[in-house]
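Per-entry structural report
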Amino acid sequence: MKIYSADQIYEAINSTIEKNNTTSNELMEFAGTQLFDWFHTRMQGAQVPIHIYCGIGNNGGSGLVLGRKLLHHGYNVHVYIVNFSDKRTKDFLINYDRIKEFKVWPRLLSSGEDFPEMDKEDIVVDAIFGIGLNRETSDWVKNLIKYINASDAYTVSLDVPSGLYPNDAPEDKEAVIESNFTLTFQAPKLSFFLPETGVYMQRWEAIDVGLDPEYLQTTNTEVQLIDTLEVLPLYIPREKYAHKGTYGHSLIIGGSFGKMGAVTLASSACLRVGTGLITAYIPECGYTILQTSLPEAMVICDEGEKNIAKIQYAIEPKSIGMGIGMGTDAVTVKALKAFLKTNTTPLIIDADALNILATNKTLLKSVPKGSILTPHPKELERLIGEWTDDFDKIEKTKAFAKKYDAVVIIKGANTITIYDNHLYINNTGNPGMATAGSGDVLTGMLTGLISQGYDALTAAIFGVYLHGKAGDIALTGLGYQALTASDIIDHIGDAYLDLFKEPEEPSAEAEENR
Ligand SMILES: NC(=O)C1=CN([C@@H]2O[C@H](COP(=O)(O)OP(=O)(O)OC[C@H]3O[C@@H](n4cnc5c(N)ncnc54)[C@H](OP(=O)(O)O)[C@@H]3O)[C@@H](O)[C@H]2O)[C@@H](O)CC1
Ligand SMILES: Nc1ncnc2c1ncn2[C@@H]1O[C@H](COP(=O)(O)OP(=O)(O)O)[C@@H](O)[C@H]1O
Ligand SMILES: [K+]
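Residues numbered from 1 in each chain as written. Chains lettered and ligands numbered in written order. Predicted model: local features only at pLDDT ≥ 70, side-chain atom pairs only at ≥ 80, totals over all residues.

Considering the sheet that holds strand E7 (residues 179–185)
Applicable threshold: Here, a strand pair is defined by DSSP locating no fewer than two bridges between the strands. Helix numbers and strand numbers start at the N terminus; a helix is a DSSP run of H or I with at least 4 residues, a strand a run of E with at least 2. Simply put, an axis is a line fit to the C-alpha atoms, just over the touching stretch for a helix, and the angle between two N-to-C directions goes from 0 to 180 degrees. What counts as a contact here is a pair of residues whose C-beta atoms, placed from the backbone, lie within 7 Å.
Strands sit in the order E4-E3-E2-E5-E6-E7-E8 across an open sheet of seven strands; the sheet is parallel. This sheet does not close on itself; its edge strands, each paired only once, are strand E4 (107–109) and strand E8 (201–207). Across this sheet, the average inter-strand angle for adjacent strands is 20°, counted without regard to direction. In this structure, strand E5 (residues 123–127) lies alongside strand E6 (residues 154–158), joined through four bridges in parallel fashion. By the bridge assignment for E6, Ile 123 is matched with Tyr 154. In this fold helix H3 (residues 58–72) packs onto strand E2 (50–54), strand E3 (77–82), E5 and E6, with an angle of close to 150° to the strand it touches most, E2.

A look at the nonpolar core
The condition is simple: By our criterion, buried Ala, Val, Leu, Ile, Met, Phe, Trp, Tyr and Cys residues that link up through C-beta atoms within 7 Å make up a nonpolar core. With C-beta atoms placed from the backbone, the exposure class of a residue follows from how many other C-beta atoms lie within 10 Å of its own: 20 or more, buried; 12 or fewer, exposed; in between, partly exposed. Domain delimitation in this document rests on an assignment produced automatically or drawn from a domain database.
Core analysis: the biggest nonpolar cluster contains 146 residues, and Ile 52, Val 82, Val 125, Ile 372 and Met 445 have the highest contact counts within it. The leading source of residues in this core is helix H15 (residues 456–475), at 10 residues. Both domains that meet at this core, namely domain 1 (2–220) and domain 2 (230–234 + 247–499), each give it at least three residues. Apart from residues no more than four positions distant in its own chain, Met 445 is found in contact with Ala 269, Cys 270, Val 273, Gly 463, Leu 466, His 467 and Ile 492.

Concerning the site of ligand 1
Defined as follows: A molecule or strand has a residue near it when that residue's C-beta atom, placed from backbone coordinates, lies within 6 Å of it. All amino acids are sorted into three groups, where Ala, Val, Leu, Ile, Met, Phe, Trp, Tyr, Cys and Pro are nonpolar, Asp, Glu, Lys and Arg are charged, and the leftover types, Gly among them, are polar.
By nearness alone, 30 residues border ligand 1, and Gly 57, Asn 58, Asn 59, Gly 130 and Gly 132 come closest of all. Going through the elements one at a time, helix H1 (6–20), helix H2 (24–43) and H3 are the ones with two or more residues in the shell around ligand 1. When residues in the shell around ligand 1 are grouped by element, the largest group, four residues, is from H3. The class makeup of the residues in the shell around ligand 1 is 13 nonpolar, 13 polar and four charged.

Observations concerning helix H13 (residues 390–404)
Residues spaced three or four apart along an α-helix face the same direction, because each turn holds 3.6 residues. Selection criterion: For a helix, the expected span equals 1.5 Å multiplied by the residue count minus one. The directions considered for the arc run from the helix axis to the C-beta atoms.
Across its 15 residues, H13 extends 21 Å between first and last C-alpha, which sits within 8% of the 21 Å expected from 1.5 Å per residue. Burial in H13 covers these residues: Asp 390, Lys 393, Ile 394, Thr 397 and Ala 401. Seen along its axis, H13 keeps its buried residues to an arc of 95°; they face one direction. Of the residues one or two after H13, Asp 405 is the one with positive phi, at around 45°.

Description of the sheet that holds strand E10 (residues 249–253)
Reading across the sheet, the 11 strands line up as E1-E9-E18-E17-E16-E15-E14-E13-E10-E11-E12 and stay open at both edges, with mixed pairing between neighbours. Each edge of the sheet is formed by a strand with only one pairing partner; in this case those strands are strand E1 (2–3) and strand E12 (298–301). In this sheet, strand E16 (residues 407–410) lies alongside strand E15 (residues 372–373) in parallel orientation, the contact comprising two bridges. Across the sheet, residue Leu 373 finds its bridge partner in E16, namely Val 408. Along the sheet, helix H8 (residues 260–273) makes contact with E10, strand E11 (277–282) and strand E13 (319–322), crossing E11 at roughly 170°.

Structural notes on the pairing of E12
This is how it is decided: If the strands point away from the viewer and the path from the first strand over the helix to the second runs clockwise, then the crossover is right-handed.
With four bridges joining them, E11 and E12 adopt parallel strand pairing. Looking across to E12, one finds that Ile 282 is bridged to Cys 301. As for the winding sense of the linkage, the β-α-β connection from E11 through helix H9 (residues 287–293) to E12 is right-handed.

As for the confidence of the model for the protein
Applicable threshold: A score between 0 and 100, pLDDT records how confident the predictor is in each residue.
Per-residue confidence for the protein gives a mean pLDDT of 95; residues scoring 70 or more make up 98%. For this predicted complex, the interface confidence reaches an ipTM of 0.93, while the overall pTM sits at 0.94.

Some details on the domain arrangement of the protein
When the domains of the protein are assigned, the result is domain 1 (2–220) and domain 2 (230–234 + 247–499). Placing a centre on the C-alpha atoms of domain 1 and another on those of domain 2 gives a separation of 42 Å. Contacts between the two partners involve nine residues from domain 1 and, on the opposite side, seven residues from domain 2. Class assignment of the residues belonging to the side of domain 1 that touches domain 2 gives a composition of four nonpolar, three polar and two charged.

Section: the site of ligand 2
Around ligand 2, 18 residues are found, and the nearest of them are His 376, Lys 411, Gly 429, Ala 434 and Gly 439. The biggest single contributor to the shell around ligand 2 is helix H14 (residues 438–451), with four residues. Classifying every residue of the shell around ligand 2 by side-chain character gives seven nonpolar, nine polar and two charged.

This is the structure:
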């Protein structure tokens, strides 16, 4: 799914008006009708008080259309105008007049006034600011936002939680609506998926507000949300006359005394994702562990007993995953430096290999093209330095990926793959995956995908999706706390099978994005 910038949404609105020979007010009416349908389907006429807070722009205008339709159907509606400016938009004014047809005179809220009384069992509709927010709000509006948050009433935000920019960090973290549900217009916004700004909403759903399909289809976006529909075309089918050589030889380099499990997990995940052959390259002390726990894997031992000391082998791997459980011992740093000087095989670089690169940045130039770096946020900070907010983090990572022509995967709740100024945001995975070794599993999977012929970017997008999907499927019968990295590996097969499952009839519940 494409994630449009605010400017692109405004362009889409203009294009819709031009092509359909319609007016912006008709568009607002349509959006308001869709919003009403959403509420009506769920509320079925229930008389719970609904407090609608409308700004004076088109976000507020949509709130007024919704309010009018709810009133028309007999709902218990209270409408307030958050009068933060006298620059009311044309469509706001039209709908401000129209709601009075129902003998409702919205209460004007402005600086210094008492805020309306609300009960925590009530519903709040937040239509104060949409994507038109362009500066910090005044103190009294901030206080209103805090008041709404403190009410604990179930809050449904229209388009975006008010105070949240679609593509920027808020100046004041407390001046943003904490929404229980965001009904976003047409497509979600980037800020919904980043750790610092995603916390302002529990759930979201995209409402089709009728924007020009041609504009939406032909417009390229910098950001994409990745789900089954996006990855299905990436899948490479298995061929009847294939043999194990067809699907490549993967090499996992890592491990040190006490951390051999990481290599076992990565090698096992690499096999499960479909590599033809797998070899683990480890220090001597791990030999029995690997051979016993993973009979399918071949093992090459380094000359070092407890740490990797000199990387040399006589095989020709198609891809190499390295760094997991490897440690940063001086002999290992030396071995990695020497290895990078001669290696030309694409690498998947994780964990300690990333940390070694971070302290020896000149080595980054020796990372072959078509390689993937998989930092979690702390490892990323070591590589690119501190950032001021998540958007700054993304800009810095984009610059880093460009400089070294590498695919960078920022791991987390919504893992983001970055390459060539594009962002691919993963929509699978769950908090149960915040557990030891789940990153090692990802490294093994990416290595196995490259060995099978996926290019680095495709392997990253597909692998991250599959890893998250395996984690989601593994959750059934386990729950977040009990999920382990091994459970993710056990469900890689199910994640593949799930790609080809017939889509079920969407229920209202399933329509709502998690
Ligand atoms: N099909 C669709 O997609 C449809 C989308 N629609 C809806 O339109 C929404 C966008 O509407 P919008 O452009 O009128 O902006 P909105 O967010 O209401 O803000 C209002 C104005 O406030 C101002 N302002 C900004 N920051 C401020 C601040 N801190 N403190 C004080 N003032 C501030 C700023 O004006 P300024 O003062 O800068 O001139 C801004 O323009 C969109 O989110 C969606 O809900 C509908 O049209 C239906 C069809
Ligand atoms: N809250 C979460 N939601 C979804 N996925 C998560 C969450 N937390 C962690 N993960 C995933 O789990 C993996 C953790 O990787 P990492 O931190 O390197 O773990 P380890 O070093 O223990 O292997 C990443 O793929 C990450 O995206
Ligand atoms: K809003």
